[in-house]
Amino acid sequence: MKFSGKNVLITGASKSIGAEIAKVLAEYGLKVWINYRSRPELADALKQEIESEGGKAATICFDATDEAAFVEAIALIVESDGELAYLVNNAGVTNDKLALRMKTEDFVNVIDANLKSCFIGCREALKVMSKQRMGSVVNIASIVGERGNAGQTNYAASKGGMIAMSKSFAYEGASRNVRFNCVTPGFIQTDMTEVLKDEIKEYYIQNIPLGRFGHAKEIAQSVAFLLSDSSSYITGEVLKVNGGLYM
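Small disclaimer: the values here were computed from a predicted structure and weren't measured.

Looking at where G12 falls in the secondary structure, it is placed in the loop between β1 (7-10) and α1 (16-27). Separated by 61 residues in sequence, G12 and A73 place their C-alpha atoms 14 Å apart. Those residues in contact with G12, other than ones at most four positions away along the chain, are G18, N35, N90 and A91.

Set out below in structure tokens:
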């Protein structure tokens, strides 16, 4: 895949899917900015791993829900590299419980962490990328934002909102050659799924047509495609990466 730009910011990139996205994009020759909020040792270890393989990486600490910090971080990247070519809004949290037991603050906190942070990133990226007349943003949504899930009213709302918001940004960015797309992962092998009991894993797997959980690298390759020039005529799209669980 070919990339016209030279760098990418990935929020929540120090571990799990975010870290895999960083590694894959570095393999394609992009300088990856690894955002983290806590545990700098994870971000530093990822940076060292990427650089040991010949890639380019930098770490940048900020809370993606903090508007001023996010704006400042993008300004720093542009000052350092002369551009922000790509953005992956990956930062997010869960706080699962049945809606009848969910406090308003439980709902709002997840909306802020997932949807608000994504809005700030998209808006600030559009400002920079509009001046460049090029850029691509991929937002990591979820299958839950498409089909809902019991116990995840707040998470579903945040990810469903992300999908709708990305389409609106796609309309606004199109005339400036700035694209916005979403990836919606299904069940992916991560630390979160590893702690599931075997019988629960088997139940889910039986409902996945491809018969397995996905791998983080499969999400990362999908993100790379949507960022790259290979998808230059795709915007406002939702790419399902779920093994056929939701079609």
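This part takes up the pairing of β1. Neither face of β1 is open: one carries N7 and L9, the other V8 and I10, and all of them are buried. Strand direction decides the pairing type here: β1 and strand β2 (residues 31-36), joined by 4 bridges, are parallel. From the neighbouring strand, N7 faces β2, where its bridge partner is K31. Handedness of the crossover is the feature at issue here: the chain leaves β1, passes through α1, returns alongside β2, and the resulting connection is right-handed. Across 3 bridges, the pairing between β1 and strand β4 (residues 86-89) is parallel. If you follow I10 over to β4, its bridge partner there is V88.

Reading guide: rules and limits
- Residues numbered from 1 in each chain as written.
- Predicted model: local features only at pLDDT ≥ 70, side-chain atom pairs only at ≥ 80, totals over all residues.
- Heavy atoms only, no water.
- Helix = DSSP H or I, 4+ residues; strand = E, 2+ residues; numbered from the N terminus.
- Contact = heavy atoms within 4.5 Å.
- Buried < 20%, exposed > 50% of the residue type's maximum accessible area, 1.4 Å probe, protein only.
- Pairing = 2+ DSSP bridges.
- Right-handed = clockwise from strand over helix to strand, strands pointing away.

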